[in-house]
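Here are the chains, one letter per residue:
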Amino acid sequence: MTKEYRKLSSMPSLAPRIDRRRFLALLGLFWVAPLVWAQGTGMTPIPSRPPAPVLQLKDSDDQLIDLAQYRGRVVLVNFWATWCPPCRQEFPSLGRVRERFPPGTFEVIAVNVGEEVETAFPFTGSTPFPVVFDNEAKTLAAWSVRGLPTTFLVDRQGHLAFQATGGREFDAADIVVIIEQLLNH
Amino acid sequence: MITRFFVVCRCLVVFLGCATGAFVANAADGILWLHHAQRGPITFSANPQGQDARVAFFTARGFTAEAIHPYAQRCGFSVAMKNDGHAAIHTHLADWRAIDATGRQIAFSLPEDWDQEWAKAEVPQPARIAFRWAQFQSENHFAPGDWIMGMVTLASEPLAPFQLIAPYHDDQGVQEIVLDALTCAPD
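Keep in mind it's a predicted model, so treat the numbers as computed, not measured.

Moving on, we come to the confidence of the model for chain A. The predicted model of chain A has a mean per-residue pLDDT of 83, with 79% of residues at 70 or higher. Confidence drops under pLDDT 50 across residues 1-37 of chain A; counting only partners more than four residues distant or on other chains, this segment forms 34 contacts.

What follows is the structure in structure tokens.
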């Protein structure tokens, strides 16, 4: 067997035929694809852009945050919980995307579902955007949330424009482009 | 020719590894998926969940160990589905089933059914909210790029090894994606 192997590998006519790049590409196609599906991609347009439901919830300082006060800005509304793995994974990207745009043009509101401030705060720490608390999960029905995390983009006129279910990296190019388009309308 | 044969064999091994679920895939938040299947742009993954892990998870969110016991002792999984296609898909958990080694078909318990149990047991509302949203929902809609994960339980214990069969609806009709050679968590 060893002898046969040596014989084969020493055959110069066979060596160039081993297309390693093609093999590695094929290997990568099958092997890497399952490894990189962690987060979803893009956001889905919402037909007819209905008005965003009411969102009035308190933050950890007991300050009332009202979505309506952000009219004129594009707002990303993210429903999440600390026990939700994709929520935790995407959470840092909320801060990163928030800081990509000038103040007063784009805002992020993270809506914690069903947890107390004491539970969520050790995870969030201080954030460059408001984190509000829906302890009784009452907003989920109005917002037609079917699973966590779910994220909406609200346009400058206060309409639901895009939606994503499942984790995302919100500073990914495909989502930043969508936000830029909404800012220009 | 022989070298090409080896190359083809190696690719086939990798491909079958992915397709049959004998593959360990890394997903969100460092989760290692022990079972993984792909059908076109749809991927389906599952991990068995043990009794102790589920008791710990839900007692930390307001259940008593006694209240969560009926759920935690069931054969359960954490599952995830992702749509990398260009068309939306829908799932109805009531259509999903396990088929065990004897050919017996076993349905999945629905989150709504569990919630009725929690109401009877007077489980506190925050615990019920955490439970409700930690489950893979009875009805799911996956737009292109969406993915959803959640917990599921089987209505009764299957004889191992068994298959999990997850039908979904796309623009072509009803499709099925299958995870093979599953077992319940050992505890």
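Read on for the rest.
The subject of this paragraph is the pattern of salt bridges. Residues and elements named next belong to chain A. Overall, the coordinates contain 13 salt bridges over all chains when judged by the stated rule. Between Glu 107 and Arg 73 there is a salt bridge, and its shortest N-O distance comes to 3.7 Å. Of this pair, Glu 107 sits in strand S5 (residues 106-113) while Arg 73 sits in the loop between strand S3 (64-66) and strand S4 (74-80), placing them 34 residues apart in sequence. The exposure class of Arg 73 is partly exposed, given its relative accessible area of 25%.

It is worth spelling out the environment of Glu 169 of chain A at this point. All names here are of chain A. By the secondary structure assignment, Glu 169 is in the loop between strand S8 (160-165) and helix H6 (173-183). With a relative accessible area of 25%, Glu 169 lands in the partly exposed category. For Glu 169, the residues in contact, after removing those within four places along its chain, are Gln 39, Gln 89, Glu 90, Ser 93, Arg 96 and Ile 175. A polar side-chain atom of Glu 169 sits 2.9 Å from a polar atom in the side chain of Arg 96.

All right, on to unusual backbone geometry then. Cis rather than trans, the peptide bond between Leu 148 of chain A and Pro 149 of chain A has omega equal to -5°. Tracing the backbone shows Pro 149 of chain A in the loop between helix H5 (139-142) and strand S7 (150-154). Omega for the peptide link from Ala 160 of chain B to Pro 161 of chain B comes to -5°, which places this bond in the cis form. As for its position among the elements, Pro 161 of chain B is in the loop between strand S10 (147-154) and strand S11 (162-170). Positive phi is not limited to glycine here, since Ser 144 of chain A has a value of about 55°. As for its position among the elements, Ser 144 of chain A is in the loop between H5 and S7.

Turning to the state of the cysteines, a few remarks are in order. Throughout the structure, instances matching the rule amount to 2 disulfides over all chains. Residue Cys 84 of chain A pairs covalently with Cys 87 of chain A via a disulfide, S to S 2.2 Å. Residues Cys 84 of chain A and Cys 87 of chain A are joined by a disulfide whose S-S torsion is about 80°; by sign, that bridge is right-handed. By relative accessible area, Cys 84 of chain A is classed as buried at 2%. Disulfide pairing is shown between Cys 75 of chain B and Cys 184 of chain B; the S-S distance is 2.1 Å. Between Cys 75 of chain B and Cys 184 of chain B, the S-S torsion sits near -100°, and that sign places the bridge as left-handed. Of this pair, Cys 75 of chain B sits in the loop between helix H3 (65-72) and strand S5 (76-83) while Cys 184 of chain B sits in the segment after strand S12 (173-182), placing them 109 residues apart in sequence. Overall, Cys 184 of chain B belongs to the buried group, its relative accessible area being 15%.

Basis of the calculations
Residues numbered from 1 in each chain as written. Chains lettered and ligands numbered in written order. Predicted model: local features only at pLDDT ≥ 70, side-chain atom pairs only at ≥ 80, totals over all residues. Heavy atoms only, no water. pLDDT = per-residue confidence, 0-100. Contact = heavy atoms within 4.5 Å. Salt bridge = Lys/Arg side-chain N within 4 Å of Asp/Glu carboxyl O. Helix = DSSP H or I, 4+ residues; strand = E, 2+ residues; numbered from the N terminus. Buried < 20%, exposed > 50% of the residue type's maximum accessible area, 1.4 Å probe, protein only. Polar contact = N/O pair within 3.5 Å; in protein donor to acceptor, adjacent residues only side chain to side chain. Disulfide = S-S within 2.5 Å.

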